[in-house]
Amino acid sequence: AALVFPPASNGRPSAKHRRIASSSSAMLTKSTHQSSNQHETDVTDLLREILDECGVGVVLASYGGNASLKLTDHALASRMSVRCALEEFGCDAQWQGLLNAFEAQCSEFDLGFIKDRGIGKLLHASSLGNIRDLKRLLTEAVLIAIDEKQLTLNSKILGKAFNEVKGRGHDSPNPFDRSEER
């Protein structure tokens, strides 16, 4: 459930609404209005006021970075002192370290197969370095392996998982179809 607070006569949420919004359980939906040729929202007004008056840190996360915030509320965007872009992983030592960490954390199922550098490259090709896509692929692969009464991964299972996650009509070829059984 989302709470939408009507703006007060000055176009900002009232003090009562700000107190309600500051509770961790309240969510605000954007209520857009036009103000001096700039799109602003009750939410961004509230965030600007929190930044200016309360002296607390505010973390905003978005897909596409700061560009959408600048379009929505330039005044709020200008108050953000630190910006950190989270990029996809490259096919490098960090990627292999991530795969090694996945393997090390999984005690009930043998993910040792993903520690192989060649398989790491195939996993990178299939997920494009996106950790969410990697997790989805590995989760599906484990489910397929368990259905097949196996407790280890192989290229065939990863290929099936790729097809399940991406769909057979996906534009990218299945990188595991070309890999030999390991």
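For the structure itself, look to the data block above.
Residues numbered from 1 in each chain as written. Predicted model: local features only at pLDDT ≥ 70, side-chain atom pairs only at ≥ 80, totals over all residues. Heavy atoms only, no water.

Undergrad: Help me understand the overall build of the chain in this model?
TA: Broken down by element type, the chain carries eight helices and two strands. Tracing the chain from N to C terminus, the helices and strands come up as α-β-β-α-α-α-α-α-α-α. Counting all 182 residues of the chain, 32% fall into the buried class. A total accessible area of about 11800 Å² is found for the chain, and carbon and sulfur atoms account for 52% of it. (Helix = DSSP H or I, 4+ residues; strand = E, 2+ residues; numbered from the N terminus. Buried < 20%, exposed > 50% of the residue type's maximum accessible area, 1.4 Å probe, protein only. Areas by Shrake-Rupley, 256 points an atom, 1.4 Å probe, with all protein chains shown as cover.)

Undergrad: Would you mind showing me how to read unusual backbone geometry here?
TA: Trans is the prevailing form of peptide bonds, just as negative phi is the prevailing case for residues other than glycine. A positive phi angle, close to 55°, is found at Leu128, a residue other than glycine. Mapped onto the secondary structure, Leu128 falls in the loop between helix H6 (117–127) and helix H7 (131–147). Accessibility expressed as a relative area gives 62% for Leu128, which makes it exposed. Notably, Lys149 is not glycine yet its phi reads approximately 60°, a positive angle. Position of Lys149 relative to the elements: it lies in the loop between H7 and helix H8 (155–166).

Undergrad: What is the right way to read the nonpolar core from this model?
TA: In a soluble, globular protein the nonpolar side chains are often hidden away together inside. Ranked by internal contacts, the top residues of the largest apolar core, which has 22 residues, are Ile114, Leu123, Leu134, Leu138, Leu153, Leu158 and Phe176. Contributing elements (two or more residues each) for this core: helix H5 (93–105), H6, H7 and H8. Not counting chain neighbours up to four residues away, the residues in contact with Ile114 comprise Gln96, Leu99, Phe102, Glu103, Ile119, Gly120, Leu123, Leu138 and Leu153. Core analysis: the second largest hydrophobic core is formed by six residues, Leu47, Leu69, Leu76 and Met80 among them. (Core = buried A, V, L, I, M, F, W, Y, C linked by side-chain atoms within 4.5 Å. Contact = heavy atoms within 4.5 Å.)

Undergrad: Even after reading the chapter, I still don't get the side chain of Asn163, so can you show me in this structure?
TA: With respect to the secondary-structure elements, Asn163 resides in helix H8. Asn163 sits in the buried class, given a relative accessible area of 16%. Within polar-contact distance, the side chain of Asn163 engages the side chain of Asn174 at 3.1 Å. When near neighbours in sequence (up to four residues on either side) are disregarded, Asn163 contacts Arg168 and Asn174. (Polar contact = N/O pair within 3.5 Å; in protein donor to acceptor, adjacent residues only side chain to side chain.)

By themselves these figures say nothing about function.
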